[in-house]
Amino acid sequence: MLRGLHGEGVGGRGAGGGVCGVGGGWLGVVEGYGGRVGVEGELGTKVDGLAKVGSVQEEYIGDAAAAVTALRALLELDPTNLDAVDFLSSLHQAGEQWEELVEVLTRKLDLVDDAEERVEVLHMLGLTLQLQIEDHGRAIDYLAQVLSVDEDHGGAVEALQLYLLEDGDERRRVAELLQPYYQRNENWPRLVQVQEILLEGEEEQGIRIDLLRQLMNLHDERLEQPSEAFDAGAELMRLDPVD
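A.B. asks: An account of the packing of aromatic side chains is requested, with residue identities and associated values reported.
C.D. replies: Overall, the coordinates contain 1 aromatic pair when judged by the stated rule. Ring centres of Tyr181 and Tyr182 lie 5.6 Å apart, and the angle between their planes is 65°; on these two criteria the pair is classed as edge-to-face. The exposure class assigned to Tyr182 is buried, which follows from its relative accessible area of 0%.

If you want it as C-alpha cells, here you go:
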C-alpha cells in the first residue's frame, strides 16, 4: 500500500465519509477517490486520489491491472514519486511482467542518488534481464555497472560467472570483467580460468605471450601445478624463444 505518499494509507471510510462495507463498498471508495482525479484542482489532490485508487484496487479488490493503470497515471502527474515507482515495480514483479519491470526499474535508476540503492537497482536490472528476459548483452552492462560502484559485489560476480560456462560471445567480455576481482581476492583457480578464456580468443602475439607468462607463474607459484606450468612455459617458448 502507498502509505508513504502523504503520511497515511487508505482508511475505512469512503470519499463521502461513510464507513466502507465488504466487497462492493471498496468499489465505492475507488469511485470516490477517482472523482478527485477528474476534478480540476491542485496536483497534490490528484496524485493522492490516484495513490488511493491504486492501493484499494490492489489490496482490497485484487485488481492488479487497475492498480497498475492508476499508478502509471500518477507517475504521469508526478514522475519523481518513488513510492509509486516501488509499488509499481512490485506489481510487475508479482505479475511476472518482466519487460515492464525493467522499464520501471530504469525509471527508478534516474531518480535515486544513493550509491547503495543504485547498486541494488542495477543488480535487479541485471538479474531480470539475465534470467527472465535473456537479454544477456544488457544484463552484463548492468552487472558491470554494479562492479564499477561495488567492486566486490558477490551477487554480480555470481551472476557473471554463469557466462564463463557458456560458449557465447559474452564469455570473453565477462572474463575481462572478472579478472581484476579474482586477482584482488587471490582466487587463483578462477584467475587461471579467465586467463585461459582470454588466451583462447587472443590473436595479438604480444598479449598471448604476457598471458602465457602469467599462467606459467600461477601454475608454478600459486597452485603448485608443475605439469600445467611446464605446458604454459613450452607454449611460451614456442612463441618467444628468447623469453
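A.B. asks: An account of the packing of helix H7 (residues 136–149) against helix H8 (residues 154–161) is needed here, citing residue identities and associated values.
C.D. replies: Between H7 and H8, the least distance of the axes is 9 Å, while the angle of their chain directions is 145°. As for how H7 packs across H8, the hand of that crossing is left-handed. Within the contact between the two elements, H7 uses Ile140, Leu143, Val146 and Leu147 and H8 uses Ala156, Val157, Ala159 and Leu160. Classifying every residue of the contact of H7 with H8 gives 8 nonpolar, no polar and no charged.

A.B. asks: Describe the nonpolar core, listing the residues and the values that go with them.
C.D. replies: One finds Leu125, Leu160, Leu164, Val174, Leu178 and Tyr182 to be the most contacted residues of the largest nonpolar core, which totals 42 residues. Secondary structure elements with two or more residues in this core: helix H5 (98–109), helix H6 (115–133), H7, H8, helix H9 (170–184), helix H10 (188–200), helix H11 (205–222) and helix H12 (226–239). At 7 residues, H10 tops the list of elements feeding residues into this core. When residues no more than four places from it in sequence are discounted, the contact partners of Val174 are Ile140, Leu160, Tyr163 and Leu164. In this structure, Val68, Leu71, Leu75 and Leu88 belong to the second largest nonpolar core, which totals 11 residues.

A.B. asks: Just give me the short version of the confidence of the model for the protein, but keep the residues and values in it.
C.D. replies: Overall, the predicted model of the protein reaches an average pLDDT of 81, with 74% of residues at or above 70. For the stretch residues 1–46, pLDDT sits under 50, and the model shows 73 contacts to residues farther than four places along the chain or on other chains.

A.B. asks: Kindly report on H8, identifying the contributing residues and their values.
C.D. replies: Taken residue by residue, H8 has Ala156, Val157, Ala159, Leu160 and Gln161 as its buried positions. Along its buried surface, H8 packs onto H6, H7, H9 and H10.

A.B. asks: Give a description of the side chain of His219 that names residues and reports values.
C.D. replies: With respect to the element layout, His219 can be found in helix H11. On the basis of relative accessible area, His219 is assigned to the buried category, the value being 7%. Ignoring any residue separated from it by four or fewer positions in sequence, one finds His219 in contact with Val192, Glu196, Glu224, Gln225, Glu228 and Ala229.

A.B. asks: I'd like a description of unusual backbone geometry, backed by residues and values.
C.D. replies: Phi is positive for Glu134, which is not a glycine, with a value near 60°. Relative to the assigned elements, Glu134 resides in the loop between H6 and H7. Residue Glu134 is classed as exposed on the basis of its relative accessible area of 56%. In the Ramachandran plot, Glu224 falls in the positive-phi region, its phi being about 50° despite a non-glycine side chain. Accessibility expressed as a relative area gives 66% for Glu224, which makes it exposed.

Calculation criteria
- In this convention, every chain numbers its residues from 1, walking through the sequence in written order.
- Local features in this predicted model are restricted to residues of pLDDT 70 or higher, and side-chain atom pairs are both shown and tallied only at a pLDDT of 80 or more, whereas totals for entire chains, interfaces and linings draw on every residue.
- To get the side-chain values, all heavy atoms of the structure are used, and hydrogens and water are removed first.
- Only centres within 6.5 Å qualify two rings of Phe, Tyr or Trp (six-membered ring in Trp) as a pair; their planes then separate them into stacked at under 30 degrees, edge-to-face at over 60, and tilted for everything else.
- Under the scheme applied here, a residue whose accessible area is under 20% of the maximum for its type counts as buried, over 50% as exposed, and between as partly exposed, the area being computed with a 1.4 Å probe on protein chains only.
- For helices, the fitted line uses only the C-alpha atoms of the stretch in contact; every axis is such a line through C-alpha atoms, and the angle between N-to-C directions lies from 0 to 180 degrees.
- We count a stretch as a helix when DSSP gives it H or I for four or more residues in a row; a strand needs E for two or more, and each element gets its number in order from the N terminus.
- Each crossing gets its handedness from the near helix: less than a right angle anticlockwise from the far helix is left-handed, clockwise is right-handed.
- Throughout, a residue-residue contact means that at least one pair of heavy atoms, one from each residue, lies within 4.5 Å.
- Classification convention: Asp, Glu, Lys, Arg as charged; Ala, Val, Leu, Ile, Met, Phe, Trp, Tyr, Cys, Pro as nonpolar; all other residues, Gly among them, as polar.
- We call a set of buried Ala, Val, Leu, Ile, Met, Phe, Trp, Tyr and Cys residues a nonpolar core when their side-chain atoms join them within 4.5 Å.
- Known as pLDDT, the predictor's per-residue confidence is scaled from 0 to 100.

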